[in-house]
Amino acid sequence: MKNEILEILINSNKKLNGILVETDIIQYVDKIIKHANVLTYFIEGELAGFIAYYCNDKNKYKAFLTMLCVANGFEGKGIGKFLLQTSLLNVRELGFKTYSLEVNKNNLTAINLYTNYGFVIVETKDKTFIMKKDVSDVS
């Protein structure tokens, strides 16, 4: 699965002019595989998308979405929505109260998706927004 995730991220990062992952992609993928919850979506044996999120702040009940990525050619099929909704349900079931993420200000597709799912901007940084959602109302 590591190579498939790498391929998706490399291709998507090129398409988005490097704004998706600004660090070493191989190290980033190693980190999420080792420490994050990773949900995948396959179509006819091909990885069409994945979501990676951390549920390791049990004392503060905060989960963090680190990556949602749909492979080139599979956009617009509802894969991102499905993965996000599934992760929201999982985060809530695990007892977390909030789900946050950081998104590049230029990634309008992602910002629109997160906004449609009830995430709100809680902080503005130089290149990114921090968005957050209360997951107690997720169903």
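As a starting point, this report considers the structure included with it. (Residues numbered from 1 in each chain as written. Predicted model: local features only at pLDDT ≥ 70, side-chain atom pairs only at ≥ 80, totals over all residues. Heavy atoms only, no water.)

## Points about a negative patch on the surface
Next, step 1: A cluster of acidic side chains, namely Glu4, Glu7, Glu44 and Glu46, defines a negative patch on the protein surface.
Next, step 2: When you line up the elements, glutamate 4 lands in helix H1 (residues 2-15). (Patch = residues over 30% accessible without salt bridge, like charges linked within 9 Å, V, L, I, M, F, W, Y side chains within 5 Å. Areas by Shrake-Rupley, 256 points an atom, 1.4 Å probe, with all protein chains shown as cover. Salt bridge = Lys/Arg side-chain N within 4 Å of Asp/Glu carboxyl O. Lys, Arg positive; Asp, Glu negative; His and termini not counted. Charge placed at Lys NZ, Arg CZ, Asp CG, Glu CD. Helix = DSSP H or I, 4+ residues; strand = E, 2+ residues; numbered from the N terminus.)

## Concerning unusual backbone geometry
Next, step 1: Positive phi is not limited to glycine here, since glutamate 44 has a value of about 50 degrees.
Next, step 2: Of note, glutamate 44 is situated in the loop between strand S1 (37-43) and strand S2 (46-57).

## Here we look at the packing of aromatic side chains
Next, step 1: Applying the stated rule across the entire model yields four aromatic pairs.
Next, step 2: When the ring of tyrosine 41 is compared with that of phenylalanine 82, the centres are 5.5 Å apart and the planes differ by 75 degrees; the resulting orientation is edge-to-face. One end of the pair, tyrosine 41, is in strand S1; the other, phenylalanine 82, is in helix H3 (residues 79-93), and 41 residues separate them in sequence.
Next, step 3: Residue class for tyrosine 41 comes out partly exposed when judged on its relative accessible area of 27%.
Next, step 4: Each ring, one from tyrosine 99 and one from phenylalanine 119, has its centre 5.8 Å from the other, and the planes form 50 degrees; the classification is tilted. Remark: phenylalanine 119 occurs in the loop between helix H4 (108-116) and strand S5 (120-124) and tyrosine 99 occurs in strand S4 (residues 98-104); sequence separation between them is 20 residues. (Phe/Tyr/Trp six-rings, centres within 6.5 Å; stacked < 30°, edge-to-face > 60°. Buried < 20%, exposed > 50% of the residue type's maximum accessible area, 1.4 Å probe, protein only.)

## A look at the pairing of S2
Next, step 1: Most of S2 is tucked away: nine of the 12 residues are buried.
Next, step 2: Strand direction decides the pairing type here: S1 and S2, joined by seven bridges, are antiparallel. Paired with leucine 39 across the two strands is isoleucine 51, which belongs to S2.
Next, step 3: Once S1 ends, the chain turns through two residues before running back antiparallel as S2, passing glutamate 44 with a positive phi of about 50 degrees.
Next, step 4: Inspection of the sheet shows S2 paired to strand S3 (residues 62-70) by seven bridges, in the antiparallel sense. Across the sheet, residue tyrosine 53 finds its bridge partner in S3, namely leucine 65. (Pairing = 2+ DSSP bridges.)

Everything listed here is a matter of coordinates, which is why it stays silent on function.
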